[in-house]
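What the coordinates show
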Amino acid sequence: MTEALNRPAAGILFVIAGILAISVNDVLIKLLSGGYPLHEMVFIRSGIGICFSLVLVQLEGGWHILRTKTPGLHLLRGTFVVLSNLSYFAALAVLPLADATALFFVAPLMITLLSIPILGETVGPWRLGAVIVGFLGVLLMLLAWRGDSAPQDVSWFVLILPMFAALTYALNQLMTRKLGVSSKASAMAVYIQGLFVLVSLGFFLVAGDGRYAEGATNESVVFLLRAWVWPDGSDRWLFLGLGLNAAIIGYCLGQAYRLASAATVAPFEYLGLPLAVLWGWIIWAEFPAPLVLAGIALIMGSGLFVFVRERLKSRPMIKRRVHRRY
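Cut-offs applied
- Residues numbered from 1 in each chain as written.
- Predicted model: local features only at pLDDT ≥ 70, side-chain atom pairs only at ≥ 80, totals over all residues.
- Heavy atoms only, no water.
- Helix = DSSP H or I, 4+ residues; strand = E, 2+ residues; numbered from the N terminus.
- Buried < 20%, exposed > 50% of the residue type's maximum accessible area, 1.4 Å probe, protein only.
- Contact = heavy atoms within 4.5 Å.
- Areas by Shrake-Rupley, 256 points an atom, 1.4 Å probe, with all protein chains shown as cover.
- Phe/Tyr/Trp six-rings, centres within 6.5 Å; stacked < 30°, edge-to-face > 60°.
- Lys NZ or Arg CZ within 6 Å of the ring centre and 35° of its normal.
- Salt bridge = Lys/Arg side-chain N within 4 Å of Asp/Glu carboxyl O.
- Axes fitted to C-alpha atoms, helices over the stretch in contact; angles between N-to-C directions.
- Left-handed = near helix turned anticlockwise from the far one by under 90°.
- Nonpolar A, V, L, I, M, F, W, Y, C, P; charged D, E, K, R; others polar.
- 1 Å grid on protein atoms, 1.4 Å probe; cavity = no way out; pocket = protein on both sides within 12 Å on 5 of 7 lines; lining within 4 Å.
- Points joined across faces, edges and corners; volume = space filled by probe spheres on them.
- Core = buried A, V, L, I, M, F, W, Y, C linked by side-chain atoms within 4.5 Å.
- Patch = residues over 30% accessible without salt bridge, like charges linked within 9 Å, V, L, I, M, F, W, Y side chains within 5 Å.

**A closer look at the overall build of the protein chain**
Scanning the protein chain from N- to C-terminus turns up 13 helices and zero strands. Listed by position from the N terminus, the elements making up the protein chain come as α-α-α-α-α-α-α-α-α-α-α-α-α. Looking at the protein chain as a whole, 49% of its 326 residues are labelled buried. Put simply, 88% of the contacts in the protein chain that link residues at least 6 apart link residues at least 24 apart. With the model as given, the accessible surface of the protein chain reaches about 16200 Å², and the carbon-plus-sulfur share is 68%.

Written as structure tokens, this is what we have:
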């Protein structure tokens with residue numbers, strides 16, 4: 001059996017690119033959530049994304065790399081991704097961007113901790129300590145949102161959705177590390193986008209006319225089940241951006257968890273937190289409190305520490321030649 005790849009620096013760069021694309025994706029979803037159902041957005045996003053992913057398949061080896069000996073495991077991984085996305089986006093339509101992102105960011109900690117029993121990876125005390133410090137930063141941010149700035153009129157169900165998304169996302173990325181030994185990142189992206197297309201078509205056949213959204217008062221339920229609407233005007237460009245982002249996210253995150261251990265890559269997903277705060281400030285005028293900024297500093301500091309630590313570990317030792325005196 002082929003051994004897992006170990007290129008930590010490349011894995012970190014890919015996860016950073018993927019998180020940048022995810023932050024843009026979240027903004028586009030939130031901007032479009034007021035007029036379109038989630039399953040329509042997922043269908044268009046994945047339909048466009050699969051086209052870009054098929055181009056990457058050709059660049060990485062051709063159609064034959066789409067064959068797999070473990071279709072059941074890929075289906076399970078795809079199910080985790082679909083559940084994670086649908087639950088997170090349903091919460092995103094109701095919660096402020098930064099709040100939803102912060103609740104979701106138990107995922108990197110889950111990935112790092114679950115990588116020990118599931119993948120058998122070794123997480124040293126320094127890296128584990130850095131991840132815990134990052135998680136304390138998340139708690140600081142949540143503490144800042146407990147007061148007057150806390151979301152109003154939001155049910156406990158909506159608040160649980162991002163954390164459920166985090167759990168299924170963590171399980172997905174751990175499977176990516178396992179399956180990435182024998183599967184290319186572009187092929188795994190095609191599997192995911194294909195499953196998204198099938199699930200969203202199923203939603204359309206059952207609820208595409210919006211009949212199940214009639215009389216619903218929960219905004220997340222309305223977002224999931226409202227009737228399909230043909231994209232209008234500039235929204236078409238936003239949908240095109242969603243599709244391009246879908247391809248970038250699927251490929252970059254797949255590569256990241258193929259090339260490096262989950263414990264190394266996961267902390268860098270915290271980059272999504274300051275990006276969420278930045279987009280919230282620019283687009284929705286949501287200004288972070290000082291305690292939020294302190295949390296971001298802890299999170300980013302822990303991620304940089306892990307990066308430096310991993311680079312030092314992977315640097316080859318140079319043996320000095322001993323000159324003997326005779």
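**Notes on the packing of aromatic side chains**
Two numbers describe a pair of aromatic rings. These are the distance of the centres and the angle of the planes. Evaluation of the coordinates by the stated rule reveals seven aromatic pairs. Residue placement shows lysine 30 over the ring face of tryptophan 284; its charged tip is 5.9 Å from the ring centre. Positioned above the aromatic ring of phenylalanine 196, the side-chain terminus of arginine 45 is 5.8 Å from the ring centre.

**Remarks on helix α4 (residues 97–104)**
Side chains of residues three or four places apart in an α-helix project in the same direction, reflecting 3.6 residues per turn. The element α4 is extensively covered by neighbouring structure, given that eight of its eight residues are classed as buried. Listed as buried for α4 are Leu97, Ala98, Asp99, Ala100, Thr101, Ala102, Leu103 and Phe104.

**Description of the pattern of salt bridges**
Under the defined criterion, the tally for this structure stands at one salt bridge. Among the ionic pairs, arginine 211 bridges to aspartate 209, the shortest N-O distance being 2.7 Å. A residue is classified by how much of its surface remains accessible, and arginine 211, at 41% relative accessible area, is partly exposed. For aspartate 209, a relative accessible area of 48% corresponds to the partly exposed category.

**Points about the packing of helix α1 (residues 8–32) against helix α12 (residues 272–284)**
Running from N to C, α1 and α12 cross one another at 35°; their axes reach a closest spacing of 10 Å. At the point where α1 passes α12, the crossing takes the right-handed sense. Every residue of α12 that contacts α1 at Ile19, Leu20, Ser23, Val24, Val27, Lys30 and Leu31 is listed here: Gly272, Leu275, Trp279, Ile283 and Trp284. When grouped by side-chain class, the residues that make up the contact of α1 with α12 number nine nonpolar, two polar and one charged.

**Some points on empty space enclosed by the protein**
Applying the stated rule across the entire model yields two cavities of 30 Å³ or more. Roughly 540 Å³ of volume is contained in the largest cavity. Considering only enclosed or pocket space, the second largest cavity measures out at about 40 Å³ in volume. As for the second largest cavity, its lining consists of His39, Val42, Leu86, Val199, Ser200, Phe203 and Leu224.

**Description of the nonpolar core**
Among the nonpolar cores identified, the biggest contains 70 residues, and Met41, Tyr88, Phe104, Ile111 and Leu273 are the most heavily contacted of them. Discounting chain neighbours no more than four positions away, the residues touching leucine 273 are Thr101, Ala102, Phe105, Val138, Met141 and Ile299.

**Considering the side chain of serine 33**
When you line up the elements, serine 33 lands in the loop between α1 and α2 (38–59). With sequence-adjacent residues up to four places away left out, serine 33 is seen in contact with Met41, Ala93, Phe223 and Arg226.

**Digging into a nonpolar patch on the surface**
Together, Leu31, Leu278, Trp281, Ile282, Ile283 and Phe287 make up an exposed nonpolar region whose accessible area comes to about 610 Å². Residue contributions to the nonpolar patch peak at four residues, all from α12. Judged by its relative accessible area of 36%, isoleucine 283 falls in the partly exposed class.

**With respect to the side chain of serine 23**
The residue serine 23 is located in helix α1 in this model. Setting aside residues no more than four positions away along its own chain, serine 23 makes contact with Leu275 and Trp279.

**Focus on the environment of proline 71**
Tracing the backbone shows proline 71 in helix α3 (residues 71–92). Taking the C-alpha atoms as reference points, proline 71 and tyrosine 191, separated by 120 residues in sequence, lie 9.4 Å from one another.

**Digging into the packing of α3 against α4**
In the contact formed by α3 and α4, the axes pass within 9 Å of each other and the chain directions differ by 145°. In this structure, α3 meets α4 at a crossing whose hand is right-handed. The residues of α4 that touch α3, namely those facing Ser84, Tyr88 and Leu92, are Leu97, Ala100, Thr101 and Phe104. For the contact of α3 with α4, the class distribution of residues is five nonpolar, two polar and no charged.

**A closer look at the environment of isoleucine 50**
Within the element layout of this structure, isoleucine 50 appears in helix α2. For the pair isoleucine 50 and tyrosine 191, spaced 141 residues apart in sequence, the C-alpha to C-alpha distance is 8.7 Å. The residues touching isoleucine 50, leaving out its near neighbours within four places in the chain, are Val190, Gln193 and Gly194.

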